[in-house]
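Each chain, letter by letter, is given below.
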Amino acid sequence: MTLKVEGDPGYGSISAGGRFTDLDGSETVPLLIPDIQQQQHVWKPLSRKELEKCAGGPEWKKFRSRLVLCFWIGWLIMLGTAVAIIIQSPRTESPSLHWWQRGVFYRLQPALFMDADSDEVSRISRVSERLPYLKSLGVGAVILEGLFQHHISPPNLTEIDQSLGTHPQFTQLITESRKAGVRVVLDLCELDLFEQESGNDTEVWSSPSEYIQYSLRYWLEHGVSGFGICDTDAAFSAKTLMEWNVLMQEFNSQDDERILMVRQTGNTLPELNVSSIAVNGSLVELVIKSLIPPSHHPLSPAEVAEAMEASLQMPQGHWPSWTVGGGVPWELQRAILVLIMTLPGTPIFRYGDEVNPVQDLDQLNQPLALFHSLSRSRAREEALHFGRFTFLSFNASMSSSGLNSTATPPLAFLRSWGCIHFLVLFNLGSEPHTLDPDWAPSLPEGGLFVISTGLDRFGPVSLRSMKMQPHEAIVIKLFETDNS
């Protein structure tokens with residue numbers, strides 16, 4: 001007897017291929033048990049054709065254009081930020097210098113050219129022939145000394161000494177010097193400018209000052225760039241300097257400034273009883289100071305070192321100008337050359353200083369090469385031209401470095417402009433000296449040789465182990481930007 005049950009038709013059905021079927025073979029509802037193998041996904045890399053198809057599609061092109069746009073926007077933002085930082089950061093601006101602050105002055109006496117034949121080539125013409133040579137040395141102005149006769153009172157300031165050359169030859173010298181870029185300054189030191197002369201038939205002047213004014217104007221009209229006077233002259237006074245300054249202002253222009261120099265013979269200029277006007281400000285443009293004071297006997301290296309240290313420690317409130325007054329031993333002449341070229345201010349050299357004699361004939365051309373190197377470095381490097389000056393003392397490390405009390409102490413100073421620093425070292429003694437590591441701990445440990453008196457030092461150097469030779473001067477450009 002057959003049992004008949006009513007209910008879900010799928011009840012009691014059998015599974016075939018994962019699905020319920022009735023007994024008659026028809027499919028019904030699938031099983032609720034998932035097929036695990038069919039649910040798993042396998043990641044496969046795109047083929048070349050599939051990748052090319054995706055890259056050329058619209059979605060990828062849109063993404064790529066947005067990516068490029070974001071790159072350029074980010075780059076412009078970084079560029080703008082860098083420009084803003086540069087503009088807002090403090091900068092060291094180079095000062096605008098006058099011509100008498102940029103060049104080198106050269107003191108020259110035409111009478112020194114004794115080999116000149118007065119019948120054929122005058123001594124003034126010999127000076128004209130040397131203008132290209134002076135220009136190659138970096139000379140910007142020539143101070144002509146001994147141009148007027150000293151035994152005449154008062155001297156005729158409109159006529160030069162006839163033994164030196166004629167007046168047309170001298171005016172030709174001024175013209176050629178202008179073309180060569182070398183200016184001419186007339187030295188009036190040690191002339192009795194204010195002494196009256198009785199019985200003057202040619203000109204009648206109410207006062208010596210009026211005659212001097214006429215003479216100065218005469219040479220200014222011929223192209224002379226300035227005049228020099230000593231602080232020991234009778235004409236040196238506030239009234240005289242003011243009158244001369246007012247006269248030269250009439251001939252001044254932006255590119256052609258006329259100057260008045262005063263040669264300082266003592267430690268300070270004499271009092272001028274001018275309370276509201278600085279001497280080398282409004283009245284005098286250039287004050288010539290002597291690094292080595294005049295002496296009646298040749299100075300020893302110890303005396304030269306003492307005079308140098310006193311000059312370096314003296315504060316300079318205005319633009320100085322340096323020259324050498326006393327006799328310097330031959331072994332220190334190249335060191336003095338380095339000193340004058342690296343100090344702040346205008347260097348002034350005498351005729352022949354660039355070719356000082358040396359004992360070693362193999363090094364006969366060395367001083368001239370040294371002068372060329374110093375002149376080029378001074379003109380090229382702002383730190384050596386008008387950088388800040390800092391005197392560095394060796395006294396604190398003298399005992400630890402083994403230097404005895406009787407030896408000549410070394411000297412050093414720093415020239416700095418912005419992030420550029422030059423260390424100038426001098427060993428004026430007769431013994432070698434090794435730098436003490438504790439001498440200046442705030443200075444960088446290394447640098448690069450720029451100039452040495454022997455022209456035999458090149459490449460990088462370590463300041464902690466450098467040994468200075470006797471009578472040597474060295475200029476080193478420091479590596480790091482930090483300064484003490």
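Analysis parameters
- Residues numbered from 1 in each chain as written.
- Predicted model: local features only at pLDDT ≥ 70, side-chain atom pairs only at ≥ 80, totals over all residues.
- Heavy atoms only, no water.
- Axes fitted to C-alpha atoms, helices over the stretch in contact; angles between N-to-C directions.
- Helix = DSSP H or I, 4+ residues; strand = E, 2+ residues; numbered from the N terminus.
- Parallel < 35°, antiparallel > 145°, perpendicular 65-115°, else oblique.
- Left-handed = near helix turned anticlockwise from the far one by under 90°.
- Contact = heavy atoms within 4.5 Å.
- Nonpolar A, V, L, I, M, F, W, Y, C, P; charged D, E, K, R; others polar.
- Buried < 20%, exposed > 50% of the residue type's maximum accessible area, 1.4 Å probe, protein only.
- Pairing = 2+ DSSP bridges.
- UniProt positions renumbered as here; feature names shortened; annotations may be inferred.
- Salt bridge = Lys/Arg side-chain N within 4 Å of Asp/Glu carboxyl O.

1. Describing the packing of helix α8 (residues 208-221) against helix α9 (residues 238-249)
Relative to each other, α8 and α9 sit at 30°, their axes nearing to 11 Å. When the axis of α8 is compared with that of α9, the two are roughly parallel. Where α8 crosses over α9, the two elements pack in a sense that is right-handed. Along its contact with α8, which presents Ser-209, Ile-212, Gln-213, Leu-216, Arg-217 and Leu-220, the element α9 presents Glu-243, Trp-244, Leu-247 and Met-248. Broken down by class, the residue content of the contact of α8 with α9 amounts to six nonpolar, two polar and two charged.

2. A word on the pairing of strand β19 (residues 472-478)
Buried residues dominate β19, accounting for six of its seven residues. Looking at chain direction, strand β16 (residues 446-452) and β19 are connected through five bridges and run antiparallel. In the sheet register, Gly-447 faces β19, and the bridge partner there is Leu-478.

3. A word on the UniProt feature "transmembrane region" (unreviewed entry) in the protein
Taking the numbering used here, the UniProt-annotated feature "transmembrane region" (unreviewed entry) corresponds to residues 67-87. What you have in residues 67-87 is 100% helix and 0% strand, and the ends, taken at the C-alpha atoms, are 31 Å apart.

4. Observations concerning the pattern of salt bridges
Within the structure shown, the criterion is met by eleven salt bridges. Across the salt bridge formed by Glu-145 and Arg-263, the nearest N and O atoms sit 3.2 Å from each other. Note that Glu-145 is positioned in the loop between β5 (139-144) and α7 (167-180) and Arg-263 in strand β8 (residues 259-263), a separation of 118 residues in sequence. Accessibility expressed as a relative area gives 9% for Glu-145, which makes it buried. Between Arg-457 and Glu-472 there is a salt bridge, with its nearest N and O atoms 2.8 Å apart.

5. Looking at the environment of Leu-131
Inspection of the secondary structure assignment puts Leu-131 in helix α6 (residues 131-136). The spacing of Leu-131 and Leu-173 is 42 residues in sequence and 9.1 Å in space, taken between C-alpha atoms. Ignoring sequence-local partners within four residues, the contact set of Leu-131 consists of Leu-173, Glu-176, Ser-177, Ala-180 and Val-182.

6. Examining unusual backbone geometry
Despite not being glycine, Glu-190 has its phi angle at roughly 60°, a positive value. Position of Glu-190 relative to the elements: it lies in the loop between β6 (183-187) and α8. Here Leu-455, not a glycine, exhibits a phi torsion of approximately 50°, which is positive. Mapped onto the elements of the fold, Leu-455 is located in the loop between β16 and β17 (460-462). Of the residues examined, Leu-455 reaches a relative accessible area of 29% and is grouped as partly exposed.

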